[in-house]
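Residues per chain are reported as follows:
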Amino acid sequence: MSVERWSTAQVTAVAPDAGSLKGARSVASPGKWQATGLFDDVLWGLCRGSGRIPYQVCVDLSAPAYKCSCPSRKFPCKHSLGLLLMWAEGTAPGPDTDPPAFVAEWQAGRAARAARAATPRSAGPVDPESARKRARQREERVAAGMAELSRWLDDQIQQGLAGAERAGFAPFETMAARLVDAQAPAAASAVRRLGGVAGIGPQWADRLLGDLAMLRLLVTGHERLGTLSPALAATVRTRIGFSVSTEDVLATPPVHDHWQVLGRTDSDDGTITTRRTWLRGVDSGRFALHLSFAAPGQTLAADLVPGTSFDGDLCFYPGAAPLRALVRDRQGTPRPLGSPSGATTMRDALRGWAGVLAAEPWRLDAPVLLDGVAPSPDGFLTDTGGDSLPLASGHREPWWLLAAAGGAPATVAAEWSPAGLRPLAAWVGGRFVPAAPPIPDGGSPRSPELPPALLASALVGTARRPFTTSTVEVGDRPLHVGAGASLLDAAAAALLYRRAGTTPSTTHPPVEAAPAEVDPPLPAAAGARLLRLLTDGGAPGGTQQAQELLTQWLAAAAARGGHVPPESLPALLDAGRRNSIVRPSIGRVAGERGRWLSTLRPDWRWLRDEAPGATVADDPAIWDTGTGGERLAHLTRLRGTDPAAALALLRSTWPSEAPEDRARFVGALAVGLSAADDAFLDSALDDRRKEVREAALDLLQRLPGSGLGRRMAGRALAAVTLERRTLGRDRVAVVPPAELTAELRRDGVSAQPSRGTGVQAWLLEEIIAGTPLATWTEAFGRGPAAVVDLARGNDWETALLHGWAKAAITQGDSAWASALVRNDARESAAGLREAVRWDLHLLLPPADLARIAADFLRREDHLAHRLLAVHPGVWPDELAVAVVETIAHRARTDRHSWQLAELCRAAATAMPPTYATVVAGLAAQLDHDAADAARIRPVAELARTLTFRHEMLQELK
């Protein structure tokens, strides 16, 4: 085979949309395929579908080209993409076997079509005289239309652009319709676009006058068509709307070269989608623009993959500055492009732009390949010589480039226009990094391009303010436009003079480069999976499941150690901004690049609090000079090695600490918590800040032997006493507190009772909740279950049970939690509030909770799903087996498929991933039994997610 194995990024680049890529992931596992193989340069496979007949899939890797027997209208379809993904990841093809007949048939058909396309078409019975007559008639119509356009342009300037603002869109649409009738469609489109400029946005008059001036230049070019060079005449005819057939273009002499695919952009105007792909020849140094189009609902061509290169022949459309081209022939197969050749400085790129404008003045953009550039903090790219060019609106904050290169110089391909640079891609350390889509950012204020004198005359109209000068000022330089030149002629000359004379700025230094990484990178496969998780449609299931998978990935990566791929950092930091749960894990895998990046954007500063860096956290001086996050990290590390020194350090600055920092610093005392911290934490109960008091209270309630615990125990034993009886069952006597005192309030007793609870019952519940649970077992001389049993039938049973339950939750006591859960299951017991009950379940040993959930599942208790939801971590085998049994039963018997789907969704992120094979076998069995597709689908999706998790965890080992 002559084809080099593709990367996952290349496969992603040829996907028509995110939905197709997500569907491809669902079939990108060997279990979905009956057979796969590689024959010459054709990758083939038989993919199992919902029916009995598998889909026949072929991919010609050298073109590439795709064929699948599925009914999808997208090319490549999800089956072709899935086969490519398996090949890229090394799980396909299978053993060497002779290909099926459909592979040879497809190859033969493609060869026959290629031969027919290479055979020149016969002229046929076309009447040359009729063809000349039709061409002459069109020339006459176009001439009449352009003459009318000339008069219309004169009218606009004579009447003044201020009138155009009041008239709105209608005059432009009327003129455009006349040009359509005159068979000048491109000129008509240019006029129609003016309706969206007049009176809209800042500097609209400057933009409108510039566009009108370029139309005047086009009219002048048409008037002199016979005297222009053939290349310039071809450009004028193209700008008017004369098309050139594909056959005529391919008949021109080809340019053979090694072509680098630099990047592409897609645009959608509502009626058609356009894909612009830029290439550059290594030997010729020529840029080439390949255009492809698709109607709504159709797929754009994806045969030119950015970040690759190929040997081939291109044929260029005729023109004075020929850029648009067609691929006539490709030899060999595309190869990854490690680093493009031909990158230039800013000044050389602008000289190339000036040459393009001189040849084709109507051009609005041109490609540039910039060497050694880095972003500045204010929306510029700056090269190593200090020259800078602005980034266009939507690209002024290139986080993708900052993350990938870390502020170091990189090679960047872009489109340059008067609005600024629109990046296409970058190459960093031999890696191809596509540019992120533009994000509306308001951009910088647009500066006028035309001289004020011209604009003033154009606004009021030359009928009121005639234009008579032969010289206009462009910037600080005079431009001679000639005696008798019209205002539009002068505006066109001034506009082109200004655009072609653009010079780079020298006052925008790049950002300071990121520090070098300390930790090694995570495995490449794991990094690629992270990028999938951060991409819409890159993970199985919906958005919520993707977030859970990301959380699991981050936890496993943080436990392993290492840093994530830099390209993932912008999306990862955004994920942490939205979800604080994943922040600690992100802080451990973001690396030095992530910490550096977080300093450049305010809403990413949270990372500095989570991961200030080991060297910073170990520096004693940081306690006096660091940020809040750096000081917290230092305090936490010191607590781990010397708790007493950390407490003394905190005491030394406590009176001057900011309120928000005091709460976080108190929380850090959880590390190495001991009786030595009791006095300080007790004093924090008097702090003015509620968050500080709550943090101190939480630690004191967990600290054995704390002063708070002794005070609460005294109050509790005064309110609840044990009455021992010689005959009958012992019972408790309760005398609840009468009122909320200042001392109770200081010790954390809330003044707001739960709904439906009396004040005395609430005070009793709160006092018991703050009492160490050992108080009861020691005072009553019995275990938790027996103590809980004493409350049965008591008038204050509800308050007692809730107080003990809240104490168990706060103190994390699983023995008391088990006793309370068993008691709550009794029919005669007072029921616990729902929130308290489920918090107790979280304290149960996972094995106990699993047994309860499995029993509920087998009894078809509706609470089983709630128990599954609160089970921490990965399910044990007993629970996993019960869930698989329940899924199999429901898939065959339940009338409501939503119950099956809900159970599968719960299992997707909690069932051990090793059960993927079992669940996949169940899905296959259901398919074989001709079960309802609505029942097979959630089971198959569960198998896919389990496989995803299994692969995800294996990659991090």
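This structure is a prediction, so every number in the text was calculated from the model and none was measured.

(A) Spatial organisation of unusual backbone geometry. Although it is not a glycine, Q183 sits at a positive phi angle of roughly 60°. Its location among the elements puts Q183 in the loop between α7 (170-181) and α8 (185-194). We note that Q203 has phi near 55°; this positive angle belongs to a residue other than glycine. Considering the arrangement of structural elements, one finds Q203 in the loop between α8 and α9 (204-223).

(B) Examining helix α37 (residues 846-858) more closely. Its 13 residues place the ends of α37 18 Å apart at the C-alpha level, agreeing with the 18 Å of an ideal helix rising 1.5 Å per residue. Those residues of α37 lying buried are L849, A850, A853, A854, F856 and L857. When α37 is viewed along its axis, its buried side chains cluster within an angular range of 160° and face the same direction. On the buried face of α37, the contacting elements are α36 (834-843), α38 (864-870), α39 (877-893) and α40 (897-908). Note on α37: the residue one or two positions beyond its end, E860, has a positive phi of about 55°.

(C) How the structure looks around the sheet that holds strand β14 (residues 420-428). Strand order in the open sheet formed by 6 strands is β12-β11-β10-β13-β14-β15, and the pairing between neighbours is antiparallel. Strand pairing shows two members of the sheet lacking a second neighbour, β12 (388-390) and β15 (431-434), which therefore form its edges. Across the sheet, the mean angle separating the axes of adjacent strands is 40° when strand polarity is ignored. Where β14 lies against β15, 4 bridges are found, and the strand directions are antiparallel. Paired with W427 across the two strands is F432, which belongs to β15. Lying over the sheet, helix α12 (residues 346-359) contacts β10 (366-375), β11 (380-383), β12 and β13 (410-417), oriented at roughly 165° with respect to β10.

(D) How the structure looks around the packing of aromatic side chains. Counted by the stated rule, this structure contains 9 aromatic pairs. When the ring of W152 is compared with that of F172, the centres are 5.7 Å apart and the planes differ by 80°; the resulting orientation is edge-to-face. Here W152, found in helix α5 (residues 128-159), pairs with F172, found in helix α7; they are 20 residues apart in sequence, far enough to count as distant. The class for F172 is buried, based on a relative accessible area of 2%. Their ring planes at 55° and their centres at 5.7 Å tell us that W776 and F780 sit as a pair that is tilted. Separated by 4 residues within a single helix, W776 and F780 lie in helix α32 (residues 774-780), roughly one turn from each other. Pair check on accessibility: W776 and F780 agree, each one buried. Of the aromatic side chains, those joined through ring pairs into one cluster are W776, F780, W804 and W816. Geometry around F316 places R286 over its ring, the cationic atom sitting 3.9 Å from the centre.

(E) Representation of the nonpolar core within the structure. Counting residues in each nonpolar core, the largest one holds 99 residues, and the members touching the most others are V720, W776, W804, V883 and M911. No other element matches the 8 residues that α39 contributes to this core. Core analysis: the next-biggest nonpolar cluster, separate from the first, contains 80 residues, L218, V368, A426 and A494 among them.

Conventions and cut-offs
Residues numbered from 1 in each chain as written. Predicted model: local features only at pLDDT ≥ 70, side-chain atom pairs only at ≥ 80, totals over all residues. Heavy atoms only, no water. Helix = DSSP H or I, 4+ residues; strand = E, 2+ residues; numbered from the N terminus. Expected span 1.5 Å × (residues − 1). Buried < 20%, exposed > 50% of the residue type's maximum accessible area, 1.4 Å probe, protein only. Arc of directions from axis to C-beta. Contact = heavy atoms within 4.5 Å. Pairing = 2+ DSSP bridges. Axes fitted to C-alpha atoms, helices over the stretch in contact; angles between N-to-C directions. Phe/Tyr/Trp six-rings, centres within 6.5 Å; stacked < 30°, edge-to-face > 60°. Lys NZ or Arg CZ within 6 Å of the ring centre and 35° of its normal. Core = buried A, V, L, I, M, F, W, Y, C linked by side-chain atoms within 4.5 Å.

By themselves, these figures tell us nothing about what the structure is for.
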